[in-house]
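Summary of the model geometry
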Amino acid sequence: MSSTVSRLRTHYKPGKVALLLIAESPPESVDDAVRFFYNPHQERWDHMYRSVMEAVFTDFQYRPGEKDLWLTRFQERGCYMIDATDSPINRLSPTERRCVLNAAVNKKLAEVATLVTRSTPIVLVKKNVFEAFHSPLRRAGYNVIHDAFLPFPSHSHQAAFIKACRSCLKEHHWTT
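Owing to the predicted nature of the structure, the values given are computational and were not obtained by experimental measurement. (Residues numbered from 1 in each chain as written. Predicted model: local features only at pLDDT ≥ 70, side-chain atom pairs only at ≥ 80, totals over all residues. Heavy atoms only, no water.)

Brief notes about the side chain of Gln 42
When you line up the elements, Gln 42 lands in the loop between β1 (19–23) and α2 (47–56). With near-sequence residues (within four places) excluded, Gln 42 lies in contact with Val 34, Arg 35, Phe 36 and Lys 67. (Helix = DSSP H or I, 4+ residues; strand = E, 2+ residues; numbered from the N terminus. Contact = heavy atoms within 4.5 Å.)

Here it is as structure tokens:
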């Protein structure tokens, strides 16, 4: 994981994780202008950030320049997002991605154990993450709060992601 990604993620880590989201990986970036959920200065093409905030906070309204404010509110609410693998895999083929995700399961389960209790709600973002992590997390006794995959919130899937995420959060009594 790049030092920038690690620093940004750590900056917004809550003291106690009350909701854990697991996405695929940080996107490939070339410099400190890293395209990343936790980068408060990067808002262009940031479908993940906008969709997650809208799913978690019913009063979220996207306004340029307010990303740090909402990331801080996300942190204060106990929400935290990690990636299934810490290396960018967005340029790999679906088969290669599946192999990388499957190889990352045991290491990521160990990380999850340091972040949450067995009862903490966990949301898996994207079909391939759901396929690789749903069963291992459930077998380990973790509280994955959905039984079907949530689509990645881009390429016109934002509304479907928001609806599905809000639904599983509401079903598990998560309120904002």
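Considerations on the pattern of salt bridges
Here the structure, examined in full by the defined rule, presents nine salt bridges. Residue Lys 126 is joined to Glu 24 by a salt bridge in which the shortest nitrogen-to-oxygen separation is 3.1 Å. Linking Lys 126 in the loop between β3 (121–124) and α5 (127–139) with Glu 24 in the loop between β1 and α2, this pair joins segments that are 102 residues apart in sequence. Residue Lys 126 shares its accessibility class with Glu 24, and that shared class is buried. Put simply, Arg 73 and Asp 59 hold a salt bridge, and the shortest N to O gap is 3.0 Å. Here Asp 59 lies in the loop between α2 and α3 (67–76) and Arg 73 lies in helix α3, a separation of 14 residues in the sequence. Sharing partners across several salt bridges, the network here consists of Glu 24, Arg 97 and Lys 126. (Salt bridge = Lys/Arg side-chain N within 4 Å of Asp/Glu carboxyl O. Buried < 20%, exposed > 50% of the residue type's maximum accessible area, 1.4 Å probe, protein only.)

Here we look at the pairing of strand β2 (residues 79–83)
Most of β2 is tucked away: five of the five residues are buried. Burial of the side chains of β2 extends over both faces: Cys 79, Met 81 and Asp 83 are buried on one face and Tyr 80 and Ile 82 on the other. Both β1 and β2 contribute to a ladder of five bridges, which runs parallel. Bridge pairing in β2 links Ala 23 to Asp 83. (Pairing = 2+ DSSP bridges.)

Observations regarding helix α1 (residues 3–11)
Those residues of α1 that fall on the buried side of the exposure criterion are Thr 4, Val 5, Leu 8 and Arg 9. The buried residues of α1 occupy one face: seen down the axis, they fall within an arc of 125°. Among the exposed residues of α1, those oriented more than 90 degrees off its buried face are Ser 3, Arg 7, Thr 10 and His 11. Looking at the buried positions of α1, the neighbouring elements they touch are β2. (Arc of directions from axis to C-beta.)

A closer look at the packing of helix α4 (residues 94–115) against α5
Viewed as axis vectors pointing N to C, α4 and α5 meet at an angle of 40°, and their least axial separation amounts to 9 Å. Relative to α5, the element α4 is oriented oblique. In this structure, the crossing between α4 and α5 has a hand that is right-handed. Facing Arg 97, Leu 101, Asn 102, Ala 104, Val 105, Lys 108, Leu 109 and Val 112 of α4, the residues of α5 in contact are Asn 128, Val 129, Ala 132, Phe 133, Pro 136 and Leu 137. Among the residues forming the contact of α4 with α5, the class breakdown is ten nonpolar, two polar and two charged. (Axes fitted to C-alpha atoms, helices over the stretch in contact; angles between N-to-C directions. Parallel < 35°, antiparallel > 145°, perpendicular 65-115°, else oblique. Left-handed = near helix turned anticlockwise from the far one by under 90°. Nonpolar A, V, L, I, M, F, W, Y, C, P; charged D, E, K, R; others polar.)

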